Amino acid sequence: MELRQLQYAIQIAIERNFSRAAEKLHIAQPSLSQQLSKLEKELGVLLFQRSTNSVELTHAGSLFVEKSQKILDMIEGLKKEMEDISQMKKGRLVIGSMPITGSTILPYVVPVFQAAYPDIEISLVEETSSNLETLTVNGQTDISLLSLPLREESLVYETLLDEEIILAVPPLHPLASSKEPIRISQLEKEAFIALKKGQGFRKLTLDLCQEAGFTPNIVFESSNMETVQSLVAAGMGIAFVPYLISKRSLHELSPVNVILDGRPTRKLVIAYRKGRYISKAAEAFISTMKEVMQTIR
């Protein structure tokens, strides 16, 4: 049994598809199939049930993938401990981030970190929050910038910031001139613009409205918060927007930002898989991020 075969089995389990797994592993699909057959023959068990349209783990396969992930985690942890012993002279840190939140925060954090640790290579993975949680659980990121609540129970986190939620409205909207905080219950008849499914902030939008007693009428969806704000500015609807993102300039097409009654917030966190070794480089990045966040609120 070879370590690469463990990696192959894990990737097939993640993708549920040989072609996609082979592409992610940068090998030919016939080679991947051959290596898996060789592994199953050596073990004497079937790890995956193959059919025309799907690839599913057997009971033995589920156990094998779970144990394989632990073995690879131990090896990766050992590497990182050795890097730490060498006083972080070299190393690599894979950071996961939600795209828009990351683009608001990381440009402040990364230069500070790299000035202090110039030989630590940073690799950035940008994904929707639901996909990012899966990648973090699978060990494909060391740490990830996410917002609560987390769907994956195997993730633990450190809090970075309680970020206020702002209401964005068109410049000519009646609420744009309000001097008082807006109650969310007042928005029941409004047209909402929201992020697409799979993004954590969309769920927060739904939750805030449902807590106020209604389901929002979502008329437009986007995968980009800046597009959401532009559509609001163009008069297509209203939207909840994180405070840090609401501060970004949208040039001539900008919505009006209004305070919400009760000043709701979302909690930004740095998450990682429970039990995963956290390198000194990752600890230093988390520490740097916490310090920098105090200056950009």
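Just so we're clear, the structure is a prediction, and the values are computed from it rather than from any experiment.

> Could you give me a rundown of unusual backbone geometry, with the residues and numbers involved?
Following Leu148, the chain continues to Pro149 via a peptide bond in cis, the omega torsion being 0 degrees. Along the polypeptide, Pro149 turns up in the loop between strand E5 (143-147) and strand E6 (155-169). Backbone geometry places Arg16, a non-glycine residue, at a positive phi of 55 degrees. By the secondary structure assignment, Arg16 is in the loop between helix H1 (3-15) and helix H2 (18-25).

> Tell me about the pattern of salt bridges, and please be specific about residues and values.
The final tally for this structure, using the stated rule, is 18 salt bridges. A salt bridge links Glu164 to Arg263, with the shortest nitrogen-to-oxygen separation between them at 3.1 Å. Of this pair, Glu164 sits in strand E6 while Arg263 is found in the loop between strand E10 (256-258) and strand E11 (265-273), placing the two residues 99 residues apart along the sequence. Residue classification places Glu164 among the buried positions, given a relative accessible area of 15%. In this structure Arg263 comes out as partly exposed when scored by relative accessible area, which is 48%. Salt bridges sharing common partners tie together Asp73, Asp142, Arg273 and Arg276.

> Describe the nonpolar core, and please don't skip the residues or the numbers.
Among the nonpolar cores identified, the biggest contains 34 residues, and Ile105, Ile143, Leu146, Ile270, Phe285, Met289 and Met293 are the most heavily contacted of them. Elements that contribute at least two residues to this core include exactly strand E3 (91-97), helix H5 (99-116), helix H6 (129-137), E5, E6, E11 and helix H10 (280-296). Sort the elements by how many residues they give to this core and H10 lands first, with 9 residues. The next biggest cluster of nonpolar side chains, apart from the first, holds 27 residues, and it includes Ile100, Ile193, Phe214 and Phe240.

> Would you mind going over the pairing of strand E4 (residues 120-126) in detail, with residue names and values included?
Of the pairings in the sheet, the one linking E3 to E4 comprises 7 bridges and is parallel in character. Counted as the bridge partner of Gly96 is Val125 from E4. Handedness of the crossover joining E3 and E4 through H5: right-handed.

> Talk me through the packing of H2 against helix H3 (residues 29-43); I want residue IDs and the actual numbers.
When two helices pack together, their arrangement is given by the angle between the helix axes and by the axis-to-axis distance. Direction vectors running N to C along H2 and H3 enclose 105 degrees, while the axes themselves pass 9 Å from each other. In terms of axis orientation, H2 runs roughly perpendicular to H3. Within the contact between the two elements, H2 uses Phe18, Ser19, Ala21, Ala22 and Leu25 and H3 uses Gln29, Leu32, Ser33 and Leu36. Partitioning the contact of H2 with H3 into residue classes produces 6 nonpolar, 3 polar and no charged.

> How would you summarise helix H8 (residues 225-233) if you had to cite specific residues and measurements?
For H8, the full list of buried residues reads Met225, Val228, Gln229, Val232 and Ala233. With its buried residues spanning 135 degrees around the axis, H8 presents them on a single face. At the N-terminal boundary of H8, the capping side chain belongs to Asn224, with an oxygen 2.7 Å from the backbone nitrogen of Glu226. Just past H8, the residue Gly235 takes up positive phi, approximately 90 degrees.

> Outline the environment of Pro30, listing residues and values.
Secondary-structure assignment places Pro30 in helix H3. Along the backbone, Pro30 and Ile165 are 135 residues apart, and their C-alpha atoms lie at a distance of 50 Å.

> Kindly report on H3, identifying the contributing residues and their values.
For H3, spanning 15 residues, the distance from its first C-alpha to its last is 21 Å, which sits close to the expected 21 Å at 1.5 Å a residue. The first or second residue beyond H3 is Gly44, which carries a positive phi of 80 degrees.

> Explain the pairing of E6 residue by residue, including any values.
Summarising the sheet, E6 and E11 pair through 9 bridges and their orientation is antiparallel. The residue bridging Glu163 from the neighbouring strand is Arg266, located in E11. Pairing geometry for E6 and strand E9 (residues 239-242), over 4 bridges, is antiparallel. Paired with Ile166 across the two strands is Val241, which belongs to E9. Judged from the 3 bridges that link them, E6 and E10 form a sheet pairing that is antiparallel. The residue of E10 that forms the bridge with Leu167 is Val258.

Scoring rules and cut-offs
- Residues numbered from 1 in each chain as written.
- Predicted model: local features only at pLDDT ≥ 70, side-chain atom pairs only at ≥ 80, totals over all residues.
- Heavy atoms only, no water.
- Helix = DSSP H or I, 4+ residues; strand = E, 2+ residues; numbered from the N terminus.
- Salt bridge = Lys/Arg side-chain N within 4 Å of Asp/Glu carboxyl O.
- Buried < 20%, exposed > 50% of the residue type's maximum accessible area, 1.4 Å probe, protein only.
- Core = buried A, V, L, I, M, F, W, Y, C linked by side-chain atoms within 4.5 Å.
- Pairing = 2+ DSSP bridges.
- Right-handed = clockwise from strand over helix to strand, strands pointing away.
- Axes fitted to C-alpha atoms, helices over the stretch in contact; angles between N-to-C directions.
- Parallel < 35°, antiparallel > 145°, perpendicular 65-115°, else oblique.
- Contact = heavy atoms within 4.5 Å.
- Nonpolar A, V, L, I, M, F, W, Y, C, P; charged D, E, K, R; others polar.
- Arc of directions from axis to C-beta.
- Polar contact = N/O pair within 3.5 Å; in protein donor to acceptor, adjacent residues only side chain to side chain.
- Expected span 1.5 Å × (residues − 1).

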